[in-house]
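# Architecture at a glance
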Amino acid sequence: MFKKITALALTIALAVAGFTGCGKNYDSVVTIDGVSITAGEYLNAQLQAYTKASQKVESGKDVLKEKIDEINGEEWIHQETIKNLKAYVWAEKKYEEMGLTLSQETTDYANQSAEMYWEYLKEKYTENGVGLETYKKFVVNNIKAGEIFNTVYGENGEKSPSNEEYAEYINTNFAKVKGFSVPKKGKDNKFLDEENLIKMSNICDEAIERLNNGEDFETVRIDIMTKAGELAGVEKDYSDATSNTQEFYVPKNSEQLPQLFVANVYTLEENGEYLYDEIEDEFMIYQRVTNYASDEEFENLKMSVLNDMKGEEFTKSIEEESALYEISEDAAAVKYYSPSKIK
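We now turn to the structure provided with this report. (Residues numbered from 1 in each chain as written. Predicted model: local features only at pLDDT ≥ 70, side-chain atom pairs only at ≥ 80, totals over all residues. Heavy atoms only, no water.)

### A closer look at the overall build of the protein chain
Heads up, the rule is: Each helix corresponds to a stretch of at least 4 residues labelled H or I by DSSP, and each strand to a stretch of at least 2 residues labelled E; elements are numbered beginning at the N terminus. Only C-alpha atoms enter the radius of gyration; for comparison, a globular chain is expected to reach 2.2 Å times N to the power 0.38, where N is the number of residues. The cut-offs for exposure are 20% and 50% of the maximum accessible area for each residue type, with area from a 1.4 Å probe on protein chains only; residues under the lower value are buried, those over the upper are exposed, and the others partly exposed. Any two residues whose heavy atoms approach within 4.5 Å at even a single point are treated as in contact. Accessibility throughout is a Shrake-Rupley quantity obtained with a 1.4 Å probe, and a residue counts as covered only by protein chains that appear here.
For the protein chain, the helix and strand inventory stands at 10 helices and 9 strands. At 26 Å, the protein chain has a C-alpha radius of gyration far larger than the 20 Å of a compact globule built from 343 residues. Along the first, second and third principal axes, the C-alpha set of the protein chain runs to 75 × 45 × 40 Å. When each of the 343 residues of the protein chain is scored for burial, the buried share is 44%. If you take every contact in the protein chain between residues at least 6 apart in sequence, the share linking residues at least 24 apart comes to 70%. Counting every atom, the protein chain has about 19000 Å² of accessible surface; 46% of that belongs to carbon and sulfur.

Now the structure itself:
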């Protein structure tokens, strides 16, 4: 349920590259707080803005002609482009101001990541005048922003949350469950017929009754999974606890998991009764259990939720500080690099 945070992913991390454009080129399109922005840098930020704008309008509509937040689409993209560029400049300046430096390991990682993704992206980007070196610059900028975030909010950082704050956030927004899944499909990977699905549901009812009557979890799991496997036509040894026992965290605001399942999880008391719900192609038999049973688990969770806790605050601080930057645009260049040319 969690992604380990090694660097804060701002907006679009590795999926967006910088476009150098075709035809006429300008040495600089805009200057932000004394930093000259090249055509490639400008168009990279513009593409990020265009992608975000496209997600705000109805599919099939011309994003440039639609209203976004009560603003003409093309103007909204321009404003968002400048906003993205200010964040780009902010990260470069802040990184230097804080005295941070990229280690050789991080530099190698950035180059390797860029080159790996470039293999998938180069055909389209080359067609649009994209260069690998420009792409690498934005990969590195993202990594710098992530290191700034971790320096400020990570362990021993100036704004690092206390363990009490972490615990409150985790216990409010996440619930840990333990259980096992019973299949709704047979060995041919096709859903069981209605009659056998009812039988499988009855097997789950049996499991819930036995578990809520205090029977040993492993004893019930092995017995139930053996019966379920026979019904599904799957031959498997379920005696090993790792064969299908699951433990995971359910975010309160999850959009990936079925809403009924999420709602049911949060109605349960920790270490209380068991329930079962349908999750895609299986029945999930589960119990809500105590969050972070060990110090090691708690420490891992801290790294996982830090971006959720402080990401919005970090983004706001970037916007507030970069709002003070002086902006000077080359009107001819801005007009030439119109978002209408994005392919």
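### A short note on helix 1 (residues 39–54)
Put simply, the test is: A helix is expected to span 1.5 Å for every residue after the first.
If you check helix 1, its first and last C-alpha atoms are 22 Å apart, about what 16 residues at 1.5 Å a residue would give, namely 22 Å. With 12 of 16 residues buried, helix 1 lies mostly within the body of the structure. Looking only at helix 1, the buried set comprises A39, G40, E41, Y42, L43, N44, A45, Q46, L47, Q48, A49 and A53. On its buried side, helix 1 packs onto strand 1 (30–32), strand 2 (35–37), strand 3 (67–68), helix 2 (73–97), helix 4 (132–153) and helix 10 (331–336).

### Some remarks on the sheet that holds strand 1
Rule in force here: Between any two strands, pairing holds if DSSP finds at least two bridges. Between N-to-C directions, angles cover 0 to 180 degrees, with each direction set by a line fitted to C-alpha atoms, over the stretch in contact for helices.
The strand order 2-1-9 describes an open sheet built from 3 strands, whose pairing is antiparallel. In this open sheet, the two strands that pair with only one neighbour each are strand 2 and strand 9 (327–329). Averaged over all pairs of adjacent strands, the angle between their axes in this sheet comes to 20°, without regard to strand direction. Of the strand pairs in this sheet, strand 1 and strand 2 are connected by 3 bridges, and their pairing is antiparallel. Its bridge partner lying in strand 2, V30 is registered against I37.

### So, the side chain of S201
The topology assignment puts S201 in helix 6 (residues 194–212). On the basis of relative accessibility, which here comes to 18%, the residue S201 falls in the buried class. Contacts of S201, omitting those with residues within four sequence positions, involve Y276 and F283.

### Some details on unusual backbone geometry
Most peptide bonds take the trans configuration, and most residues that are not glycine carry a negative phi. You will see that N156, though not glycine, has its phi angle at about 65°, which is positive. Within the secondary structure, N156 is located in the loop between helix 4 and helix 5 (163–173). Classification of N156 by relative accessible area gives exposed; the value is 74%. A positive phi is found at N189, a non-glycine position, where the angle reads about 65°. One can find N189 in the loop between strand 5 (174–183) and helix 6.

### Points about the packing of aromatic side chains
Here is the rule we go by: Aromatic pairing here means that ring centres of Phe, Tyr or Trp (its six-membered ring) are within 6.5 Å. Orientation follows from the plane angle: under 30 degrees is stacked, over 60 is edge-to-face, and everything else is tilted. Counting as a charge over the ring demands two things of the Lys NZ or Arg CZ atom: a distance within 6 Å of the ring centre and an angle within 35 degrees of the ring normal.
Scanning the model with the defined rule gives 16 aromatic pairs in all. Between F217 and Y274, the ring centres sit 6.3 Å apart and the planes meet at 20°, which makes this aromatic pair stacked. With F217 in helix 7 (residues 217–232) and Y274 in strand 7 (residues 274–279), the pair connects residues that are 57 residues apart, well separated along the chain. Ring geometry for Y336 versus Y337: centroids 4.9 Å apart, planes at 80°, classification edge-to-face. Classification of Y337 as buried rests on a relative accessible area of 4%. In textbook terms, an aromatic cluster arises when at least three aromatic residues are bridged by ring pairs, as seen for W90, F149, Y153 and F314. The ring centre of F217 lies 4.7 Å from the NZ or CZ of K178, which sits over that ring.

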